[in-house]
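Residues per chain, in single letters:
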Amino acid sequence: MSEKFIPQVMPESPILVDRRLVTRNHCNFANEVYIPRTIEEHKARCEFVRRRLLLSAGMKPGYEIPQNPARISEGKLYHGVLIKEVEIETLPGLRLTGSLYMPEKLNGAAPGILCPHGHWTEGRVSTVVRGGVVMRCFELARLGFVVFAYDMIGYNDNNEFPHFWEIDLLKRGAVSGISPFGLQTANSMRALDFLCGLDQVDEKRIGCTGASGGASQTWFLAALDDRIKAAVPVCMLSSHFMGGCACEEGPIMRVTGLTSFDIVSCLAPRPILLPSVTRDWTNLNPVYEIPAMREVYKLYNAGNRVENFHCEEDHNYNRNTREYVYAFFVRELMGEDRGKKIAEEDIEPPTPDYLWFGGKEPAQATQETINAAFDKINAYISKNVLETGDDFAAFKASRIELLREMLETEQPPARNVVERTNYHKIEIPGGMAHGRTFSRRKVGDIVSGLELRPEKSDGKNSITLLITDGSYLDFIDGNSKESVAADLMKQGKHSYVIELLGTGNNSWQLKYALRDSSKISFAFNEPLFSMRVQDIITVCTFMEERGYEEIELISSGSAAPAALAAAALLDLPLTCDLAGIDDAVWHDDINFQPLIARFGGIPALLMLNAAKGTFTNVPEQYKKYCM
């Protein structure tokens, strides 16, 4: 039969585009804040936030952050403040670098302050009027705090990587669970360990503050670790701007709709000061975000612990802001009420060459340093990812949970899945073929395929789903896959050919997709791979609730990874041809899936399917995982 006589199940039309492809979220997307009704609901939301942050940071499955000793210089005295260089190997290939500011004289253990610097051009050594990172640290030390200002990834002495990654490095890293957000989070966690471990610091009185990107780092760390007892994220909280840099928007972090408000609300009921201004995205804080945050805190009878001051100003951490912050930390961590503001002293802050390691401006990252650091980190965090221990059942359950969380799949009730038939019937040897599409109500997704119904049924209440990387035409029009359909017909088996999104007769939809090479677009929008897995689950769920007692999947080619994931999640039998499949498949556009290598990649999927899977043409490196 010639292809031209076979009607297309999904004719090309902008009207018929899968809605998921034309709905695009981004960092400027305005959201409604979520206010839980009870403490229990809030605690559950906090647990969800923490899981999502750890997932996005590449820390699930978990790995141990090495407790390597810090290299601390003797320091230099500057107007009563001792400033020391600090360097710690936090992971093989990754360093934590920064400046430790200590009062010249200490009477007992002092409260500590962490200072992530944000996106000021000079980072932790910045003395710009609007930012004043150095002056903030210096003045806090003069007030009696021990302060650690540490470099964000790619700034100053932290120079294995650049701060702003090219898209190829971002996507390569996303698959492996290595990202600016993940590395920065690992360093922030280690910075907190370091500060709390100092003899001169009271680990029960720790604060954290930064502006802009430094504010984001402040609330990420405080949400993950309640050793932060008071926080001041400056000029950042907004429900209409989320961040804008990959250090703030980790892979798939926002796909679930996670907002900055969700993260900051995890700090309740710890005291928090949220400075805002009229001329950046915090412009509506006094009328929207701050009242809403106080509603969350009121669940703990702590509404007065949310503080805000709002002024006619640009995006900043200037002297006026800093003076409010000094008073806040002195009150909350020292127990001294010295009013709303503490005046900053008129002392020139130390210059960058006073703070750089060895007094020299650091070299910038090169392709050689990037590759070397990336390979070391990847080897370390992935070395135990496939170890099952003595309890394979527990390993399988944890990996299934992680896979579901990573892909954000759901198993909808069949009543919410619509099967549409078209009027075209195609006569084929041994039976008939009918065009079919499936959609979840109100979602707007479209799964297209072909029902293959034999003339003589085997009488079994079963269905076989042929998951293809090409067209349904391959199964009925003289192509290589026709023999698969013919064999099923001869056996009297009822089957469906399912075309995955982005391939076959569905491939035309991608030209209408609102997907681009934006550096952090995959922080907000689900990848095609997770959509393809969902499509299989959607059809399987429909078939199950339609009454089929046995559902079997058959797949090959670039559709195999999605079929492996769906079969694992649904615990279904799968026959899979693995010819040409390896872990490089995750870097293809249709199978790009952030964090999949941290999960275990193809080997982990094979392990999860080993009990019910039948695999052919298995590459040598994967054979041991199919047993």
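These numbers come from a predicted model, not from an experiment.

Reading the values: the criteria
- Residues numbered from 1 in each chain as written.
- Predicted model: local features only at pLDDT ≥ 70, side-chain atom pairs only at ≥ 80, totals over all residues.
- Heavy atoms only, no water.
- Helix = DSSP H or I, 4+ residues; strand = E, 2+ residues; numbered from the N terminus.
- Contact = heavy atoms within 4.5 Å.
- Areas by Shrake-Rupley, 256 points an atom, 1.4 Å probe, with all protein chains shown as cover.
- Phe/Tyr/Trp six-rings, centres within 6.5 Å; stacked < 30°, edge-to-face > 60°.
- Lys NZ or Arg CZ within 6 Å of the ring centre and 35° of its normal.
- Patch = residues over 30% accessible without salt bridge, like charges linked within 9 Å, V, L, I, M, F, W, Y side chains within 5 Å.
- Salt bridge = Lys/Arg side-chain N within 4 Å of Asp/Glu carboxyl O.
- Buried < 20%, exposed > 50% of the residue type's maximum accessible area, 1.4 Å probe, protein only.
- Pairing = 2+ DSSP bridges.
- Axes fitted to C-alpha atoms, helices over the stretch in contact; angles between N-to-C directions.
- Parallel < 35°, antiparallel > 145°, perpendicular 65-115°, else oblique.
- Left-handed = near helix turned anticlockwise from the far one by under 90°.
- Nonpolar A, V, L, I, M, F, W, Y, C, P; charged D, E, K, R; others polar.
- Disulfide = S-S within 2.5 Å.
- Polar contact = N/O pair within 3.5 Å; in protein donor to acceptor, adjacent residues only side chain to side chain.

Peer 1: What is the right way to read the overall build of the protein from this model?
Peer 2: When you go through the protein residue by residue, the secondary structure sums to 18 helices and 20 strands. With the principal axes as the frame, the protein shows a C-alpha extent of 90 × 50 × 40 Å. Across the protein, contacts joining residues at least 24 apart in sequence account for 75% of those joining residues at least 6 apart. Here the protein displays about 25000 Å² of accessible surface, and carbon together with sulfur accounts for 49% of that area.

Peer 1: Help me understand the side chain of Asp157, please; the structure alone is not making it clear to me.
Peer 2: Tracing the chain through its elements places Asp157 in the loop between strand E6 (146-150) and helix H4 (167-176). Once residues within four sequence positions are removed from consideration, Asp157 is found in contact with Arg95, Thr97, Arg124, Asp151, Trp356, Phe357 and Pro362.

Peer 1: In this structure, what is going on with the packing of aromatic side chains? I would like to understand it.
Peer 2: A ring pair, where both rings are aromatic, is described by two values, the distance of the centres and the angle of the planes. Per the counting criterion, the structure on display carries 17 aromatic pairs. Ring pairs connect the aromatic residues Tyr78, Phe138 and Tyr354, which therefore count as one cluster. The ring of Phe592 has Lys171 sitting right over it, with the charged end atom 4.8 Å from the ring centre. In this structure, Arg172 packs its charged tip against the face of Phe374, placed 3.9 Å from the ring centre.

Peer 1: Which parts of the structure should I look at to understand a nonpolar patch on the surface?
Peer 2: Together, Leu284, Val287 and Tyr288 make up a nonpolar patch on the protein surface, roughly 270 Å² of accessible area in all. On the secondary structure map, Val287 appears in the loop between strand E10 (276-279) and helix H8 (289-298). Looking at Val287, the relative accessible area reads 64%, which means it is exposed.

Peer 1: Honestly, helix H16 (residues 560-570) in this entry has me stumped. Any pointers?
Peer 2: Along an α-helix, residues three or four apart share an orientation, since each turn contains 3.6 residues. The buried count for H16 comes to eleven of eleven residues, which makes it a mostly enclosed element. For H16, every residue scored as buried is listed here: Ala560, Pro561, Ala562, Ala563, Leu564, Ala565, Ala566, Ala567, Ala568, Leu569 and Leu570. One or two residues past the end of H16 sits Asp571, with phi positive at roughly 55°.

Peer 1: Sorry if this is basic, but what is going on with the pairing of strand E7 (residues 201-211) here?
Peer 2: Two faces, one strand: in a regular strand the side chains alternate between the faces of the sheet. Bridge count between strand E5 (residues 110-116) and E7: four bridges; the pairing is parallel. Opposite Leu114, over in E7, you have Cys208 as the bridge partner. Examined bridge by bridge, E7 and strand E8 (residues 228-234) share six bridges and lie parallel to one another. Within E8, the residue paired with Ile206 across the bridge is Ile228.

Peer 1: Please clarify how the pattern of salt bridges should be interpreted in this entry.
Peer 2: Where side chains of opposite charge bring their charged atoms close, a pairing between them can arise. Inspection of the entire model under this criterion finds 38 salt bridges. Among the ionic pairs, Glu12 bridges to Lys511, the shortest N-O distance being 2.5 Å. Here Glu12, found in the segment before helix H1 (19-22), pairs with Lys511, found in the loop between strand E17 (495-499) and helix H14 (521-524); they are 499 residues apart in sequence, far enough to count as distant. Since its relative accessible area comes to 57%, Lys511 is described here as exposed. Residues Glu344 and Arg322 are paired through a salt bridge, measuring 2.8 Å at the closest nitrogen-oxygen approach. Taken together, the positions of Glu344 in the loop between helix H9 (319-334) and helix H10 (352-355) and Arg322 in helix H9 put the pair 22 residues apart, joining distant regions of the chain. A residue is classified by how much of its surface remains accessible, and Glu344, at 6% relative accessible area, is buried.

Peer 1: How should I be thinking about the packing of helix H15 (residues 528-546) against H16 in this particular structure?
Peer 2: Each packed pair of helices is defined by two parameters, the angle between the axes and the distance between the axes. At a minimum axis separation of 9 Å, H15 and H16 run at an interaxial angle of 50°. In this view, H15 runs oblique relative to H16, as classed from their interaxial angle. Considering the relative orientation of H15 and H16, their crossing is right-handed. Of the residues in H16, those in contact with Phe529, Arg532, Val533, Ile536, Ile537 and Cys540 of H15 are Pro561, Ala562, Ala563, Ala565, Ala566, Leu569 and Leu570. Of the residues in the contact of H15 with H16, the class split is twelve nonpolar, no polar and one charged.

Peer 1: When you look at the packing of H16 against helix H18 (residues 601-609) in this model, what are you seeing that I'm missing?
Peer 2: It is the contact of H16 with H18, at a shortest axis distance of 9 Å, that shows an interaxial angle of 45°. By the criterion of interaxial angle, the relationship of H16 to H18 is oblique. The chirality of how H16 crosses H18 is left-handed. Along the contact surface, H16 presents Pro561, Leu564, Ala565, Ala567 and Ala568, while H18 presents Ile602, Leu605, Leu606, Leu608 and Asn609. Of the residues contributing to the contact of H16 with H18, the split by class is nine nonpolar, one polar and no charged.

Peer 1: Explain unusual backbone geometry here, please?
Peer 2: Note: most residues except glycine have negative phi, and most peptide bonds are trans. Cis geometry marks the peptide bond from Lys60 to Pro61, where omega comes out at -5°. Here Pro61 lies in the loop between helix H2 (39-56) and strand E1 (71-72). Each neighbour pair has its own omega, and for Ala268 with Pro269 the value is 5°, a cis peptide bond. Within the secondary structure layout, Pro269 lies in the loop between helix H7 (260-265) and strand E9 (272-273). At Asn301, a position not held by glycine, the phi torsion is positive, near 55°. With respect to the helices and strands, the residue Asn301 is situated in the loop between H8 and strand E11 (306-307). Judged by relative accessible area, Asn301 falls into the exposed class, the value being 76%. With phi around 50°, Asn617 is a residue other than glycine that occupies positive phi space. For Asn617, the position within the fold is in the segment after strand E20 (613-616).

Peer 1: Can you walk me through the state of the cysteines in this structure?
Peer 2: A covalent bond between the sulfur atoms of two cysteines is referred to as a disulfide. Under the criterion given, the structure shown has zero disulfides. With no disulfide of its own, Cys311 lies 7.1 Å from the sulfur of Cys235, the closest cysteine sulfur. Among the cysteines around Cys576, which has no disulfide bond, Cys626 carries the closest sulfur, lying 9.2 Å off.

Peer 1: Quick question: what am I supposed to make of the environment of Asp226 here?
Peer 2: Inspection of the secondary structure assignment puts Asp226 in the loop between helix H6 (213-224) and E8. Taking the C-alpha atoms as reference points, Asp226 and Pro349, separated by 123 residues in sequence, lie 31 Å from one another.

Peer 1: Is there a simple way to think about the side chain of Thr97 in this case?
Peer 2: Here Thr97 is to be found in strand E4 (residues 94-103). Separated by 2.6 Å, the side chains of Thr97 and Asp151 make a polar contact. At 3.2 Å, the side chain of Thr97 and the backbone nitrogen of Asn158 are in polar contact.

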